[in-house]
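A structural walkthrough
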Amino acid sequence: QIGDGTRTTESRRRPTRVKTNALFAGIAVGGRFACGLTEEGDAICWGYNRDGQLGNGTTARGLEPSLTLGPEPFQSLAMGREHACALGVEGAAYCWGKNNNGQVGDGESLSRGSFHTKPVAVSGGHQYQQLVVMGADATCGLTRSGQAYCWGLVDLLDWKAKPTTTPVLVSGEMVFEDLAAGAEHLCGLNNGRAYCLGENRSGQLGDSTNTRRSTPTAVVTDSSFVSLTAGSQFTCGLTVAGQAWCWGANRSGQLGSGEGSYGNAGWNVPKQVFGEVVFRQLAAGDSHTCGLATYDGVYCWGENNIGQLGTGSQGWRNIPTVVVAGP
């Protein structure tokens, strides 16, 4: 999944160059695979491929990047644990890979071992502006009219996840401009205000409670956000001024506030990320967060047991730490 042409199992503690001459406009990371999106709209993927998640028509492991066989150019990518999705230039959604819980969204009946080795169109005919993956086996899309739909193992509307092979409306009458999905929660922006629904045992909804919500509920904050990102059980928002605020689980310091964890309940209201760094983009992993600074590089914080912070060492950090470039 590092894409350097080897299967060396030693974790990479610093950034390692992917073995390709392709120039990417975007990157998305899945369970044990990754994909890059070229400026021409081609998806190029590498890594684990038992369920066809590389989208190249095979199930052969990809030590080096290979071209995904998409039906049209793509404008963005979203990766799950063992499936992938892409947004076509005209707004259609396509998915491929494992489909045992309907996460590909093509309306196919649920069956154990089901998968697609090439991209297939998501049913419903909706035109999307954004796709995100929720947990391991669900996908959500934001339509051009601002409605949020999800398909796969959707665990938002009640206490038990119910697999669905077709998109289901989850936002009600609420319209969004941006989405972020965690393991069992979904958040969206409406005029700069953040709203979340789903699981909340770690405070990842940010509504000052730990109560599960089946409808979008406002995050308790005076901040106005321009974008959101979500990890497994936490959420972060980026303000117009470039400040990062995070809420939810903090056992590994993934909120970046400089404070320790707040028990299993997490922090159920936003905490400002420590320091004076001005960010222009945030991205969350399972239990860590990274931010692209406006002036001085990339910073990461949170879980670091396998070197995912890129600092050149291990050990989690609860404040932003500079990523160290590879050789």
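In what follows, the accompanying structure is described. On a predicted model such as this, the values are computed, not experimentally measured, just so you know.

Definitions and cut-offs
- Residues numbered from 1 in each chain as written.
- Predicted model: local features only at pLDDT ≥ 70, side-chain atom pairs only at ≥ 80, totals over all residues.
- Heavy atoms only, no water.
- Helix = DSSP H or I, 4+ residues; strand = E, 2+ residues; numbered from the N terminus.
- Rg over C-alpha atoms; globule rule 2.2 N^0.38 Å.
- Buried < 20%, exposed > 50% of the residue type's maximum accessible area, 1.4 Å probe, protein only.
- Contact = heavy atoms within 4.5 Å.
- Lys, Arg positive; Asp, Glu negative; His and termini not counted.
- Charge placed at Lys NZ, Arg CZ, Asp CG, Glu CD.
- Phe/Tyr/Trp six-rings, centres within 6.5 Å; stacked < 30°, edge-to-face > 60°.
- Lys NZ or Arg CZ within 6 Å of the ring centre and 35° of its normal.
- Pairing = 2+ DSSP bridges.
- Core = buried A, V, L, I, M, F, W, Y, C linked by side-chain atoms within 4.5 Å.
- Axes fitted to C-alpha atoms, helices over the stretch in contact; angles between N-to-C directions.

**Looking at the overall build of the protein**
The number of helices and strands found in the protein is 0 helices and 24 strands. For 327 residues, the compact-globule estimate of 2.2 N^0.38 gives 20 Å, and the protein sits close to it at 19 Å. Here the C-alpha coordinates of the protein stretch approximately 50 × 45 × 30 Å along the principal axes. Looking at the 327 residues of the protein, the share that counts as buried comes to 52%. Contacts in the protein between residues at least 24 apart in sequence constitute 44% of all its contacts with a sequence separation of at least 6. Of the charged side chains in the protein, 24 are positive and 27 negative; the average position of the first set lies 8 Å away from that of the second.

**Overview of the packing of aromatic side chains**
Overall, the coordinates contain 7 aromatic pairs when judged by the stated rule. With 6.1 Å between their ring centres and 50° between their planes, Phe74 and Tyr94 make a pair best called tilted. Here the residue Phe74 occupies a position in strand S5 (residues 74-79), and Tyr94 occupies one in strand S7 (residues 93-98), the gap between them amounting to 20 residues. Both residues of the pair, Phe74 and Tyr94, count as buried. Centre to centre, the rings of Phe225 and Trp247 are 5.9 Å apart; their planes meet at 35°, and the pair counts as tilted. On the criterion of sequence distance, the pair formed by Phe225 in strand S17 (residues 225-230) and Trp247 in strand S19 (residues 244-248) is long-range, its members being 22 residues apart. Each of the two residues, Phe225 as well as Trp247, counts as buried. A cation over an aromatic ring shows up here: Arg32 above the ring of Tyr48, its NZ or CZ 4.1 Å from the ring centre. Above the ring of Trp267, the side-chain terminus of Lys271 is found at 4.2 Å from the ring centroid.

**Regarding the pairing of strand S2 (residues 33-38)**
A regular strand places its side chains on the two faces of the sheet in alternate fashion. The buried count for S2 comes to 6 of 6 residues, which makes it a mostly enclosed element. Alternating residues of S2 divide into Phe33, Cys35 and Leu37 and Ala34, Gly36 and Thr38, and every residue in both groups is buried. Judged from the 5 bridges that link them, strand S1 (residues 24-29) and S2 form a sheet pairing that is antiparallel. Paired with Gly26 across the strands is Leu37, a residue of S2. Between S1 and S2, which pair antiparallel in sequence order, lie 3 residues. As paired strands, S2 and strand S3 (residues 43-47) are joined by 5 bridges and run antiparallel to one another. Residue pairing across strands places Phe33 opposite Gly47, the latter belonging to S3. Connecting S2 to the next strand, S3, in antiparallel fashion are 4 residues, including Gly41 with a positive phi near 95°.

**As for the pairing of strand S9 (residues 128-134)**
For S9, the tally of buried residues reaches 6 of 7 residues, placing the bulk of the element in the interior. Sheet topology places S9 next to strand S10 (residues 138-143); 6 bridges connect them, and they run antiparallel. Looking across to S10, one finds that Met134 is bridged to Ala138.

**Side note on the nonpolar core**
By size, the foremost hydrophobic cluster in this structure holds 16 residues, and its most contacted members are Met134, Cys150, Leu156, Val170 and Leu186. For this core, the secondary-structure elements that each account for two or more residues are S9, S10, strand S11 (148-154), strand S13 (178-181) and strand S15 (193-198). With near-sequence residues (within four places) excluded, Leu186 lies in contact with Val132, Cys140, Ala148, Cys150, Leu156, Val170, Ala180, Ala181, Tyr195, Cys196 and Leu197. Within the second largest apolar cluster, 14 residues are counted, among which are Ala43, Cys45, Leu54 and Met79.

**Examining the sheet that holds S2**
Overall, antiparallel pairing links the 4 strands, which are arranged S1-S2-S3-S4 in an open sheet. Each edge of the sheet is formed by a strand with only one pairing partner; in this case those strands are S1 and strand S4 (62-67). Direction aside, the axes of adjacent strands within the sheet are offset by 20° on average. Direction of pairing for S3 relative to S4: antiparallel, over a ladder of 3 bridges. Bridge pairing links Ile44 to Leu67 in S4.

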